[in-house]
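These are the residues of each chain, in order.
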Amino acid sequence: MSRNKSNILNGADSSSIDIAVRALQRDLLVAIPTETVYGLAARASSPSAVKKIFVVKGRPIGHPLILHVANKQDLSLWSQELSNNARLLAEKYWPGPLTIIVKRNDKVCDEITGGRDTVAIRCPNHPVATELLIRLTDAIVAPSANHFGKVSPTSARHVAEDFGDEISVILDGGECSIGVESTIIDCTTEPPQILRAGAISADQIKRECNITIASATGDSRASGMLDKHYAPNCTVELVDDRKDADVRLNQLNGDGRSSEIIDFGDDLQMFAHELYARLRDADKRLIDVVITVKPPMSGIGIAINERLEKAANSNRSRE
Ligand code: AMP
Ligand code: MG
């Protein structure tokens, strides 16, 4: 077993996964890699373990958690009255960055759903997460491994910086390949509704599965739907193009405010992959303002814009 920093264990080592599984069985929290962001995991069948997540994250009680399962067949283990749309989406996109909301069954405890009769389920696409789930023979709940409202972690180091020894084990599975949280689709409504944008877009689902996805209506139900979230300490400003970014950079520097530009042009995959690391890095260097050139509103660009808007809103509310 290789230990590179206190509680960070190399997820490629079989013995590290065993240690993580034993910790989960003892109702401890474990940070795990997924293809979206790092998750803070608790064993799903243990209400007392699930409760710890709310304490450690500072997450409001009643803010429901996503259940993570080992394979697509496990969807029916935790749900009932599955719609055709739910089955189709799981079949097509699992394992992958898509969370599906379905009617829950009795195996799902109230602590996970905040008492709702529905549950959000995802099958992650990361070899370390999959191996952990198979050995655990239980599902886990795993919100992002950061303090509530803050920037999500996309590396084991990010998790260690946020939580230090508060978490018994951090499994290192490298940098998250996607870098933003999963798409959330509520399949308990007809048509299904998108609650949070992610790597899989509503357009893509329409194109590939011929399922029409509506915008969300009703009460705010997902973190992605809160006005403020994903907030670094620095101020985030959004601009439409590089020229505006350069002008603004000069202004800010002239005012003595340290600032920098995030601009990935049309490279949406790279933008998603780097965004959270760049915001965290700016905070470390005590940058005052990050000026971000908005990506095109297509594919994962919609998810990136959504996160940026909320990060910018958080800053405005502090001013
Ligand atoms: P995260 O905050 O990244 O853990 O994402 C989980 C999001 O999924 C939360 O913001 C929840 O509001 C949303 N969610 C989870 N379960 C449900 C549910 N049963 N109904 C509606 N939204 C849900
Ligand atoms: Mg989160």
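What you see is a predicted model, and the numbers here were worked out from it, not measured in a lab.

Engineer: Please give an account of unusual backbone geometry that cites residues and values.
Structural biologist: Here the residue pair W94 and P95 is connected by a cis peptide bond, since its omega of -5° sits within 30 degrees of zero. Following E190, the chain continues into P191 via a peptide bond in cis, with omega recorded as -5°. Relative to the helices and strands, P191 is located in the loop between β10 (183–186) and β11 (193–196). Backbone geometry at E81 places phi at a positive 50°, although glycine is not the residue there. Tracing the backbone shows E81 in the loop between β5 (66–68) and α3 (84–93).

Engineer: Now, about the nonpolar core: what can you tell me, with residues and values included?
Structural biologist: In this structure, L67, L89, I112 and I205 are the most contacted members of the largest nonpolar core, which totals 50 residues. Within the residue set of this core, elements represented by two or more residues are β4 (39–43), α2 (47–57), α3, β6 (98–103), β7 (118–122), α6 (156–163) and α7 (202–209). Ranked by residues supplied to this core, first place goes to α2 with 5 residues. V37, I178, A272 and V290 belong to the second largest nonpolar core, which has 24 residues in total.

Engineer: Summarise the pattern of salt bridges; cite the residues concerned and give the values.
Structural biologist: Going through the model one piece at a time under the given rule, you end up with 19 salt bridges. Here R135 makes a salt bridge to E131, at a shortest N to O gap of 2.8 Å. With R135 and E131 both in helix α5 (residues 127–136), this residue pair falls 4 residues apart, about one helical turn. With relative accessibility at 27%, the residue R135 sits in the partly exposed group. Among the residues examined, E131 registers a relative accessible area of 29% and is labelled partly exposed.

Engineer: Explain the packing of helix α1 (residues 14–25) against α5 residue by residue, including any values.
Structural biologist: A pair of packed helices is captured by two measures, namely the crossing angle of their axes and the spacing between those axes. The contact between α1 and α5 brings their axes to 10 Å, and the two run at 55°. Regarding the angle of α1 to α5, the classification is oblique. Regarding α1 and α5, the two cross each other, and that crossing is right-handed. Between α1, through S14, I17, D18, A20, V21, L24 and Q25, and α5, the contact on the second element is made entirely by V128, E131, L132, R135 and L136. When grouped by side-chain class, the residues that make up the contact of α1 with α5 number 7 nonpolar, 2 polar and 3 charged.

Engineer: Kindly report on the layout of surface pockets, identifying the contributing residues and their values.
Structural biologist: Roughly 580 Å³ of volume is contained in the largest pocket. Lining the largest pocket are 39 residues, with R59, P64, I66, I184 and R196 sitting closest to its centre. For the lining of the largest pocket, the secondary-structure elements that each account for two or more residues are β5, β7, β10 and β11. When grouped by side-chain class, the residues that make up the lining of the largest pocket number 15 nonpolar, 15 polar and 9 charged. If you add up the space inside the second largest pocket, you get close to 220 Å³. If you trace the second largest pocket, you find 15 residues lining it, with I194, A197, A202, I302 and E306 closest to the centre. If one sorts the elements of the lining of the second largest pocket by residue count, β11 sits on top with 3 residues.

Engineer: Give a detailed account of the pairing of β6, specifying residues and quantitative values.
Structural biologist: With respect to burial, β6 is a largely interior element, 5 of its 6 residues being buried. Bridge count between β6 and β10: 4 bridges; the pairing is parallel. The residue of β10 that forms the bridge with L98 is T183. Taken together, the 4 bridges between β6 and β7 define a ladder with antiparallel strand orientation. Within β7, the residue paired with K103 across the bridge is T118.

Cut-offs and rules
Every chain's residues receive numbers from 1 upward, in the order its sequence appears when written. Each chain takes a letter, starting from A, and each ligand takes a number, starting from 1, following the order in which they are written. Where local features are concerned, this predicted model is filtered to residues with pLDDT of at least 70; where side-chain atom pairs are given and counted, the filter is 80 or more; whole-chain, interface and lining totals use all residues. Note: side-chain values were computed over all heavy atoms of the structure, leaving out hydrogens and water. Helix numbers and strand numbers start at the N terminus; a helix is a DSSP run of H or I with at least 4 residues, a strand a run of E with at least 2. As used in this record, nonpolar core signifies buried Ala, Val, Leu, Ile, Met, Phe, Trp, Tyr and Cys residues forming a set joined through side-chain atoms within 4.5 Å. Note on classification: 1.4 Å probe, protein chains only; a residue is buried when its accessible area is under 20% of the maximum for its type, exposed when over 50%, partly exposed between these limits. For salt bridges, the criterion is a side-chain nitrogen of Lys or Arg within 4 Å of an Asp or Glu carboxyl oxygen. Axes here mean lines fitted to C-alpha atoms, for a helix over just the part in contact, with angles spanning 0 to 180 degrees between N-to-C directions. These descriptions rest on fixed angle ranges, namely under 35 degrees for roughly parallel, over 145 for roughly antiparallel, 65 to 115 for roughly perpendicular, and the rest for oblique. Helix crossings fall into two classes, left-handed where the near helix is turned counterclockwise from the far one by less than a right angle and right-handed where it is turned clockwise. Pairs of residues are marked as contacts when any of their non-hydrogen atoms sit within 4.5 Å. Under the grouping applied here, Gly and all other residues not named as nonpolar or charged are polar, the nonpolar ones being Ala, Val, Leu, Ile, Met, Phe, Trp, Tyr, Cys and Pro and the charged ones Asp, Glu, Lys and Arg. For cavity detection a 1 Å grid was placed over the protein atoms alone, and a set of points counts as a cavity when a 1.4 Å probe fits there but cannot get out; an open set counts as a pocket when protein lies on both sides within 12 Å along at least five of seven lines, with lining residues being those that have an atom within 4 Å of a point. Grid points are joined across faces, edges and corners, and a volume is the space filled by probe spheres set on the points. Here, any two strands with at least 2 DSSP bridges between them count as paired.

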